[in-house]
Amino acid sequence: MTDLTRLSASDLAKLISTGEVSAVEVATAHLDRIAAVDDRVHAFLHVDRAGALEAAAAVDRGEITGPLAGVPIAVKDVVTTKGVPTTAASKILEGWKPPYDATIVERLKKAGMPILGKTNMDEFAMGSSTEYSAYGPTNNPWDLGRIPGGSGGGSAAALAAYEAPLAIGTDTGGSIRQPGAVTGTVGAKPTYGGTSRYGLIAFSSSLDTPGPCARTVEDTALLHAVIAGHDPRDSTSIPQPVPDVVAAARLGATGDLTGVRLGIVKEFAGDGSEPGVTAAFQESLQKLVKLGAEVVEVSCPHFEYALPAYYLIAPSECSSNLARFDGVRYGLRAGDDGNRSLEEVMSLTREAGFGPEVKRRIIIGTYALSSGYYDAYYGQAQKVRTLITRDFQSAFEKVDVLVSPTTPFVAFPFGSRTSDPYQMYLADLFTIPTNLYGGPAISVPCGLSEGLPVGFQIMAPTLADDRMYRVAAALESAVGTFTPPAL
Ligand code: GLN
């Protein structure tokens, strides 16, 4: 009997649609796998067994059909799910059950995809290791003593541990791609505005982008097609058709990249990447050349300012977005003994409810936005953002996509970067420029370094999400997939 948890989403969908297995059997296999391994992995903050089985049964009754009908999925806990706990891995939202579904969750349900549960993450999606989750970290299935990346480490680990064939992530500075890279899974950040932010617990609204995570490029594209597309409830949603990412992935899988120009960024060289990461990246690049691609060096002179600009813009927006957690409207309320003022209760609630990294971001952001400093910090960072966008635009006049390692280092041991925030922020050195620009980017496993996965990043122009899927699938066909040791 085939182990259903080892199959791709596209294979599962085929088996379910032909009636060879039922959606309930598929959901049960994954729920049982979660029960067997998640005490070691801790990818999930909440498992919704009853909800998942009910959704699967509806598919088996023939009520819903579609390309991914019956294929179960895990959803990052920063995305609202009606009646199902949603905490963003923060104590301040402990026990909160949203009264509505995010648009992308509505679309998953309409597509007949059972939601297995909610995945662990860094609190409010701020971090690169899940060590900032208020509920304890997720362990990387490749080595349980190492981080699974972040902020969406739970979604990536759930895939690598075969607890789910598909997952939802959100990417503000790299939180889909960096966990994908360090767990040997695929993660795509769509064009900003290509997937709806409605129902996402906001971190940095001008950057936040929900997107698909899977173990193969084709599965990632299939999920992308389900969740993407215009949503009138999100004012920054793009009112245009979604490019055909599934067709692009299938085209790429034929392994022909004749005439495709890949840009490597001059300023990313000498960036302090681990030698094993650079080696895996270079070898993969050569494999793409064998498929017909051409490599061109391009200069993006402002990329070196991306990290400092991001760490002003994202905290500034966070300080404003997180003002809503005031002890009145949602979740936690601390110190309300009937004698304290509203301000005191608010302050005690925020002190007890937010973790150290979230507080650090709120403080930095409040400072950067304050009168007298606004022009020097937030205003300046916005100008840098424009220059980075121009770097991308002029690069894309010469090349079709830009490529780089996804992250400078492989999964690191727990505790090795928490004492120095800057060391943690470096995890997103290569992913952040794309967020500031707004274009799509994907991370695909490309090799191992000291037995741990390395990710290859492909960045495309805004609205050309299909282009990155083509190159990603070609790369996957050339390098193969990577399987973690048995748990
Ligand atoms: N690691 C980055 C940060 O801490 C990115 C997070 C994200 O993409 N949500 O802000």
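Just above sits the structure.
Residues numbered from 1 in each chain as written. Predicted model: local features only at pLDDT ≥ 70, side-chain atom pairs only at ≥ 80, totals over all residues. Heavy atoms only, no water.

J.: Let's hear about the overall build of the protein chain: which residues, and what values?
T.: When you go through the protein chain residue by residue, the secondary structure sums to 16 helices and eleven strands. Scaling as 2.2 N^0.38, a compact globule of 487 residues should have a C-alpha radius of gyration of about 23 Å, and the protein chain matches this with 21 Å. With the principal axes as the frame, the protein chain shows a C-alpha extent of 70 × 55 × 45 Å. Of all 487 residues assigned to the protein chain, the portion counted as buried reaches 61%. Summed over its atoms, the accessible surface of the protein chain is roughly 17,500 Å², and 53% of this surface lies on carbon and sulfur atoms. (Helix = DSSP H or I, 4+ residues; strand = E, 2+ residues; numbered from the N terminus. Rg over C-alpha atoms; globule rule 2.2 N^0.38 Å. Buried < 20%, exposed > 50% of the residue type's maximum accessible area, 1.4 Å probe, protein only. Areas by Shrake-Rupley, 256 points an atom, 1.4 Å probe, with all protein chains shown as cover.)

J.: I'd like a rundown of the sheet that holds strand β1 (residues 44–47), residues and numbers included.
T.: Sheet architecture is open: eleven strands sit in the order β1-β3-β2-β4-β6-β5-β10-β11-β9-β7-β8, paired in mixed fashion. If you trace the sheet from one side to the other, it starts and ends with β1 and β8 (294–298), each paired once. Shown here is a sheet whose adjacent strand axes are inclined to one another by a mean of 30 degrees, direction ignored. Sheet topology places strand β9 (residues 401–405) next to strand β11 (residues 452–459); four bridges connect them, and they run antiparallel. Opposite V403, over in β11, you have I458 as the bridge partner. Across the sheet, helix α9 (residues 275–290) lies against β7 (261–265), β8, β9, β10 (441–449) and β11, angled at about 55 degrees from β11, the strand it touches most. (Pairing = 2+ DSSP bridges. Axes fitted to C-alpha atoms, helices over the stretch in contact; angles between N-to-C directions. Contact = heavy atoms within 4.5 Å.)

J.: Give a detailed account of the side chain of R215, specifying residues and quantitative values.
T.: Along the polypeptide, R215 turns up in the loop between β6 (209–214) and α7 (217–227). Buried charged residue R215 carries no salt bridge. Nearest counter-charge: D219, at 6.3 Å. Separated by 3.2 Å, the side chain of R215 and the backbone oxygen of T5 make a polar contact. Among residues more than four places away in sequence, those in contact with R215 are T5, R6, L7, L159, Y162, A164, P165, T185, V186, E476 and T481. (Lys, Arg positive; Asp, Glu negative; His and termini not counted. Salt bridge = Lys/Arg side-chain N within 4 Å of Asp/Glu carboxyl O. Polar contact = N/O pair within 3.5 Å; in protein donor to acceptor, adjacent residues only side chain to side chain.)

J.: Could you give an account of the nonpolar core, naming the residues involved and the relevant values?
T.: Core analysis: the biggest nonpolar cluster contains 132 residues, and L108, F124, I458 and Y469 have the highest contact counts within it. Broken down by element, the residue count for this core peaks at nine residues, all from helix α10 (residues 306–321). Not counting chain neighbours up to four residues away, the residues in contact with Y469 comprise A188, P212, V217, T220, A221, H224, V245, A248, A249 and I442. One finds L31, A157, L159 and C213 within the second-largest nonpolar core, a separate group that totals 17 residues. (Core = buried A, V, L, I, M, F, W, Y, C linked by side-chain atoms within 4.5 Å.)

J.: A description of helix α11 (residues 342–353) should follow, citing residues and the corresponding values.
T.: Between its first and last C-alpha, α11 extends 16 Å over twelve residues, near the 16 Å set by a 1.5 Å rise per residue. Regarding α11, the residues found buried are V345, T349, R350 and G353. In an axial view of α11, the angular spread of the buried residues amounts to 125 degrees, which keeps them on one side of the axis. Facing away from the buried side of α11 by over 90 degrees, the exposed positions are E343 and E351. Elements that come into contact with the buried residues of α11 comprise α12 (356–368). (Expected span 1.5 Å × (residues − 1). Arc of directions from axis to C-beta.)

J.: Lay out the packing of aromatic side chains in plain terms, naming residues and giving numbers.
T.: Here the structure, examined in full by the defined rule, presents 20 aromatic pairs. Their ring planes at 50 degrees and their centres at 5.3 Å tell us that Y374 and Y378 sit as a pair that is tilted. Given a relative accessible area of 38%, Y374 falls into the partly exposed group. Looking at Y378, the relative accessible area reads 13%, which means it is buried. Taken together, the ring pairs connect F268, F303, F392, F396, F430 and Y437 into an aromatic cluster. Lying over the aromatic face of Y162, R6 brings its terminal NZ or CZ to 3.9 Å of the ring centre. (Phe/Tyr/Trp six-rings, centres within 6.5 Å; stacked < 30°, edge-to-face > 60°. Lys NZ or Arg CZ within 6 Å of the ring centre and 35° of its normal.)

J.: Tell me what's going on with helix α3 (residues 49–60), and back it up with residues and numbers.
T.: The end-to-end C-alpha separation of α3 is 16 Å, in line with the 16 Å expected for twelve residues at 1.5 Å each. Here α3 has its buried residues at A52, A56, A58 and V59. Looking straight down α3, one finds that the buried residues subtend no more than 155 degrees of arc, so they occupy a single side. Exposed residues pointing more than 90 degrees away from the buried face of α3 are listed as A50 and E54. Here the buried face of α3 lies against α1 (9–17), α2 (23–41) and β3 (115–119). Of the residues flanking the end of α3, it is G62, one or two places downstream, whose phi is positive at about 80 degrees.

J.: How would you explain the site of the ligand if you had to name every residue and give the values?
T.: In the neighbourhood of the ligand, 15 residues make up the surrounding shell, with G173, S175, Y310, R361 and D428 lying closest. Taking A125, its main chain carries an N or O atom lying 2.8 Å from a nitrogen atom of the ligand. Burial of the ligand by the surrounding chains reaches 100%, relative to a free accessible area of 290 Å². Of the residues assigned to the shell around the ligand, the class counts are five nonpolar, seven polar and three charged. (Near = heavy atom within 4 Å. Nonpolar A, V, L, I, M, F, W, Y, C, P; charged D, E, K, R; others polar.)

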